[in-house]
Amino acid sequence: MSRRVLIAGFTGAMGQYTVDLVNSLDGFEITAGLSPKVEGDKASYHLADSVKIYHSLAELPDDVADVWIDFTTPEAVYENTKYAVDHGISPIIGTTGLTDDQESGLIKAATDKQLGGIIAPNFGMSAVLLMKFAAESAKYFPDVEVIEMHHADKADAPSGTALATAKKIDENRPEHESSPDKVTTLAHVRGGDYHGIHIHSVRLPGYVAHEQVLFGGPGEALTIRQDSFDRKSFMSGVKVALQKVGDLKTLVVGLENVL
Ligand code: NAP
C-alpha cells in the first residue's frame, strides 16, 4: 500500500516541485495539501481530484497522512512539525528557521514516540558536500567566514544552510580566538557572529541559493563554494528522505546523516 503524503506549502515554489516529485514516485501518494491561501483548482497545482486541501492545522482530521513534507515559512514550521510529531506523522522538513531549542524539543518528542523524521536545512547534494568539506577543513583552518547568497524573496537570514555550516565548523575547529574588530565605521559590516564565525547574507534578484566558505591561513586561503541554480536540485534529496524516513526511529537533522 502507498504511504500517504501531506505537503505543507504545496502552492509555493518548493511545494510545487515536491508535488511533481511525489506524483512521480511509486509507493507514495499525495492525499492532503496544507496552505493558507489557495487560489485556483487542484489541477492547477498538479494535484489529483482525490487530494484533500486544508487551510490551517485546526482543519486537519486525525490520521491525515503517514508522511508530512514541509516547505512553508519560518513562522509556520515549528507548529507544523510539532503537529506532525504529536500526531505520529513522519516529518520531512525543508523549511528553515527552527531554533536550536525548538529542534531539541522536537527530537525528544519524536524519540519518545520512536517516530522517524528528517530536518534538512538543505536537500541539495552540493550543499551537503560543502558542509562536510567545510567541517573537515576547519580542523586545519580555524579562521573562517561564511557568505551566503539567496534570491531577494527569502524570508529568513542567515540561511539555514549557512547556520548549519557554522555549527559544523564550530564543532570541528580547535579552540580559537577570532581576530577582533578594531575599528568599524558602518554598523553590522562584519555580518552576524556565530561563536566567532562571521556570516554574511546577500539578498539579490537573479540568485537562487549559493554559499561560500572562506578559510584563511598564513600565506594561503581555501574557498569552498556551492551553487544551486534551480530549485529542482533539491528534489533528489527530498526523494532520499522519503525513501529513508520509514527506517528511522527518531528525528535526524541533516541529510548527510541518512545518506
Ligand atoms: P514560497 O514559494 O514562499 O512558499 C511558501 C509556502 O508556504 C506557500 O505555499 C504558502 O502558502 C505556505 N504557507 C505559508 N504559511 C503557511 C502555514 N502556516 N501553513 C502551511 N503553509 C503555509 O517559499 P519557497 O521558496 O517554496 O520556500 C519555502 C521554504 O523552504 C523556505 O523556508 C525556504 O528557505 C525553504 N527551502 C529549503 C530548501 C531545502 O533544501 N531545505 C530549499 C529551498 C527552500 P500560501 O501561498 O497559501 O500563503
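What counts and what doesn't
Residues numbered from 1 in each chain as written. Predicted model: local features only at pLDDT ≥ 70, side-chain atom pairs only at ≥ 80, totals over all residues. Heavy atoms only, no water. Helix = DSSP H or I, 4+ residues; strand = E, 2+ residues; numbered from the N terminus. Rg over C-alpha atoms; globule rule 2.2 N^0.38 Å. Buried < 20%, exposed > 50% of the residue type's maximum accessible area, 1.4 Å probe, protein only. Contact = heavy atoms within 4.5 Å. Near = heavy atom within 4 Å. Polar contact = N/O pair within 3.5 Å; in protein donor to acceptor, adjacent residues only side chain to side chain. Areas by Shrake-Rupley, 256 points an atom, 1.4 Å probe, with all protein chains shown as cover. Nonpolar A, V, L, I, M, F, W, Y, C, P; charged D, E, K, R; others polar. Axes fitted to C-alpha atoms, helices over the stretch in contact; angles between N-to-C directions. Parallel < 35°, antiparallel > 145°, perpendicular 65-115°, else oblique. Left-handed = near helix turned anticlockwise from the far one by under 90°. Core = buried A, V, L, I, M, F, W, Y, C linked by side-chain atoms within 4.5 Å. Pairing = 2+ DSSP bridges. Expected span 1.5 Å × (residues − 1).

Engineer: Just checking my understanding: could you explain the overall build of the protein chain for this structure?
Structural biologist: Scanning the protein chain from N- to C-terminus turns up six helices and twelve strands. For a compact globule of 259 residues, the expected C-alpha radius of gyration is about 18 Å, and the protein chain comes in at 19 Å, within 12% of that figure. Its C-alpha atoms give the protein chain principal-axis dimensions of about 60 × 40 × 30 Å. Across the 259 residues that make up the protein chain, the buried fraction comes to 45%. Pairs at least 24 apart in sequence give 70% of the contacts found in the protein chain among residues at least 6 apart.

Engineer: Help me understand the site of the ligand in this model?
Structural biologist: Near the ligand there are 24 residues, and of these Thr-11, Ala-13, Met-14, Lys-37 and Phe-123 occur at the shortest range. Backbone polar atom of Gly-94 to a nitrogen atom of the ligand: 3.0 Å apart, as the coordinates give it. Taking Ala-120, its main chain carries an N or O atom lying 2.9 Å from a nitrogen atom of the ligand. Across the complex, the protein chains shield 77% of the 940 Å² of accessible surface that the ligand would expose by itself. Its residues assigned to classes, the shell around the ligand comprises ten nonpolar, eleven polar and three charged.

Engineer: Where do I start with the packing of helix H1 (residues 13-24) against helix H6 (residues 235-245) in this structure?
Structural biologist: A packed helix pair is summarised by two numbers, namely the angle formed by the two axes and the spacing between the axes. Contact geometry for H1 and H6: axes closest at 10 Å, N-to-C directions at 55 degrees. The angle between the axes of H1 and H6 places the two elements in the oblique class. Relative to H6, the crossing made by H1 is right-handed. Residues Met-14, Tyr-17, Thr-18, Leu-21 and Val-22 of H1 lie in contact with H6, whose contacting residues are Met-235, Val-238, Lys-239 and Leu-242. A breakdown of the residues in the contact of H1 with H6 according to their chemical character gives seven nonpolar, one polar and one charged.

Engineer: I would appreciate a short explanation of the nonpolar core in the present structure.
Structural biologist: Note that soluble globular proteins tend to have their nonpolar side chains buried in a common cluster. Ranked by internal contacts, the top residues of the largest apolar core, which has 34 residues, are Val-5, Val-22, Ile-69, Ile-92, Phe-123 and Leu-242. Secondary-structure elements contributing two or more residues to this core are strand S1 (3-8), H1, strand S2 (28-34), strand S4 (67-70) and H6. Per element, the largest residue contribution to this core is six residues, and it comes from H6. Among residues more than four places away in sequence, those in contact with Ile-69 are Val-5, Leu-6, Ile-7, Ala-8, Thr-18, Val-22, Ile-92, Val-238 and Leu-242. Counting 21 residues, the second largest nonpolar core, distinct from the first, contains Leu-6, Val-64, Leu-98 and Leu-251.

Engineer: I tried to follow the pairing of strand S10 (residues 209-217) on my own but got confused; where do I start?
Structural biologist: On a regular strand, each side chain points to the face opposite its neighbour's, so the side chains alternate between the two faces of the sheet. The sheet contact formed by strand S7 (residues 144-150) and S10 spans seven bridges and is antiparallel. In the sheet register, Ile-147 faces S10, and the bridge partner there is Gln-212. Counted along the chain from S10 to the antiparallel partner strand S11 (residues 220-228), the turn is two residues long, and its residue Gly-219 has a positive phi close to 75 degrees.

Engineer: Whenever I open this one, the packing of helix H4 (residues 125-137) against helix H5 (residues 160-172) confuses me. Can you help?
Structural biologist: Where H4 meets H5, the closest approach of the two axes is 8 Å, and the angle between their N-to-C directions is 25 degrees. The orientation of H4 with respect to H5, classified from their angle, is roughly parallel. For the element pair H4 and H5, the recorded crossing hand is right-handed. Two secondary-structure elements touch here, H4 through Ala-127, Leu-130, Met-131, Ala-134, Ala-135 and Glu-136 and H5 through Thr-161, Ala-164, Thr-165, Lys-168, Ile-169 and Asn-172. Among the residues making up the contact of H4 with H5, the classes are represented as seven nonpolar, three polar and two charged.

Engineer: I would appreciate a short explanation of the environment of Val-189 in the present structure.
Structural biologist: Looking at the element boundaries, Val-189 is found in the loop between H5 and strand S8 (192-194). For Val-189, a relative accessible area of 43% puts it in the partly exposed group. C-alpha separation for the pair Val-189 and His-200, spaced eleven residues apart in sequence, amounts to 8.8 Å.

Engineer: It is not clear to me how H5 should be interpreted in this structure. Could you clarify?
Structural biologist: An α-helical turn contains 3.6 residues, so any two residues separated by three or four positions project in the same direction. An ideal rise of 1.5 Å per residue puts 18 Å on 13 residues; H5 measures up with 18 Å between its terminal C-alpha atoms. Within the span of H5, buried status applies to Gly-160, Thr-161, Ala-162, Ala-164, Thr-165, Ala-166 and Ile-169. Lining the buried residues of H5 we find H4, S7, S8, strand S9 (197-203) and S10.

Engineer: Help me understand the environment of Ser-56, please; the structure alone is not making it clear to me.
Structural biologist: By secondary structure assignment, the location of Ser-56 is in the loop between strand S3 (52-54) and S4. Here the alpha-carbon distance between Ser-56 and Leu-34, two residues 22 residues apart in the chain, equals 6.8 Å.

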